[in-house]
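Fold and contact review
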Amino acid sequence: VMLILANILVGIPSTYNSAIIIEKYLFRLLPPFVLGEGLINLSLVALLEEVLGEPISPWEWEVLGRSLAYLFVTSAGYMTIVIGIDSKGEISAFSKWLSECLCAAPQLQ
């Protein structure tokens, strides 16, 4: 839905600038949008190769590179958020256990 909305907004001259800002700073934080954008770009590679007459790598920034980079960064961010929510009471217990282990470790001379 977001991908269709972004494409419609880009196609309307009066909403073009707003669409670019929304697409760059809001929609690209959502993995389904980025995945859909990457798949659409990948599907256009064969057509562009035939029209332009030169090979295009699917790993180029404009094809899949940007989408994969955003997916990698957001997956790390979302993973951190999920782990933080899941273990909000256990973090203090882990740090207490870690400090006990480090303090109780034998000292080498």
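Everything in this summary refers to the structure shown in the same document. (Residues numbered from 1 in each chain as written. Predicted model: local features only at pLDDT ≥ 70, side-chain atom pairs only at ≥ 80, totals over all residues. Heavy atoms only, no water.)

1. Side note on helix α5 (residues 61–86)
Going by this rule: Burial here depends on accessible area, computed with a 1.4 Å probe over protein chains only, as a share of the maximum for the residue type. Under 20% is buried, over 50% is exposed, and the range in between is partly exposed. For helices the rule is a DSSP run of H or I covering at least 4 residues; for strands it is a run of E covering at least 2, with both sets numbered from the N terminus onward. Note on contacts: a residue pair qualifies if any of its non-hydrogen atoms lie within 4.5 Å across the two residues.
Turning to α5, its buried residues number three or more, namely V63, L64, G65, R66, S67 and T74. Its buried side turned inward, α5 meets α3 (31–43) and α4 (45–52).

2. Quick look at the environment of L9
Relative to the assigned elements, L9 resides in helix α1 (residues 2–11). For the pair L9 and I20, spaced 11 residues apart in sequence, the C-alpha to C-alpha distance is 8.6 Å.

3. Remarks on the packing of aromatic side chains
Stated formally: The rule is short: rings of Phe, Tyr and Trp, with Trp giving its six-membered ring, pair when the centres are within 6.5 Å, and they are stacked under 30 degrees, edge-to-face over 60, tilted in between.
Counting across every chain of the model gives one aromatic pair. Seen in terms of ring centroids, F27 and F33 are 5.4 Å apart; in terms of plane orientation they differ by 50 degrees. Their pairing is tilted. Under the relative-accessibility criterion, F33 is labelled buried at 2%.

4. Here's the deal with the packing of α1 against helix α2 (residues 16–25)
Note the threshold: Here an axis means a line fitted to C-alpha atoms, over the contact stretch when the element is a helix, while the angle between two N-to-C directions is reported on a 0 to 180 degree scale. An angle below 35 degrees is read as roughly parallel, one above 145 as roughly antiparallel, one from 65 to 115 as roughly perpendicular, and any other as oblique. Note: crossing handedness is left-handed where the near helix turns anticlockwise from the far helix by less than a right angle, and right-handed where it turns clockwise. Gly is placed with the polar residues, together with every amino acid not listed as nonpolar (Ala, Val, Leu, Ile, Met, Phe, Trp, Tyr, Cys and Pro) or charged (Asp, Glu, Lys and Arg).
Between α1 and α2, the least distance of the axes is 7 Å, while the angle of their chain directions is 150 degrees. In this view, α1 runs roughly antiparallel relative to α2, as classed from their interaxial angle. Crossing hand, α1 versus α2: left-handed. Between α1, through A6, L9 and V10, and α2, the contact on the second element is made entirely by Y16, A19, I20 and E23. Within the contact of α1 with α2, the residues separate by chemical class into six nonpolar, no polar and one charged.

5. Brief notes about the nonpolar core
Quick reminder of the rule: Residues grouped as a nonpolar core are buried Ala, Val, Leu, Ile, Met, Phe, Trp, Tyr and Cys residues, joined through side-chain atoms within 4.5 Å.
L3, A6, F27, F33 and V34 form the largest nonpolar core, which has five residues in total. With sequence-adjacent residues up to four places away left out, A6 is seen in contact with A19, E23, F27 and F33.

6. Structural notes on the side chain of S67
Defined as follows: Under this definition, polar contacts are N or O atom pairs within 3.5 Å; protein pairs additionally need one hydrogen-donor-capable and one acceptor-capable atom, and for neighbouring residues in sequence, both atoms have to be side-chain atoms.
By the element assignment, S67 lies in helix α5. S67 gets classed as buried once you look at its relative accessible area, which sits at 4%. At 3.5 Å, the side chain of S67 and the backbone nitrogen of G38 are in polar contact. The residues contacting S67, other than those within four sequence positions of it, are V34, E37 and G38.

7. Topic: the pattern of salt bridges
Where charged atoms of side chains with opposite charge meet at close range, the side chains can pair. For clarity, the cut-off: Any carboxyl oxygen of Asp or Glu that lies within 4 Å of a side-chain nitrogen of Lys or Arg is treated as forming a salt bridge with it.
On inspection of all chains with the given rule, the structure shows four salt bridges. Residues R66 and E37 are paired through a salt bridge, measuring 3.9 Å at the closest nitrogen-oxygen approach. On the criterion of sequence distance, the pair formed by R66 in helix α5 and E37 in helix α3 is long-range, its members being 29 residues apart. Per residue, the accessibility class of R66 equals that of E37, and both read buried.

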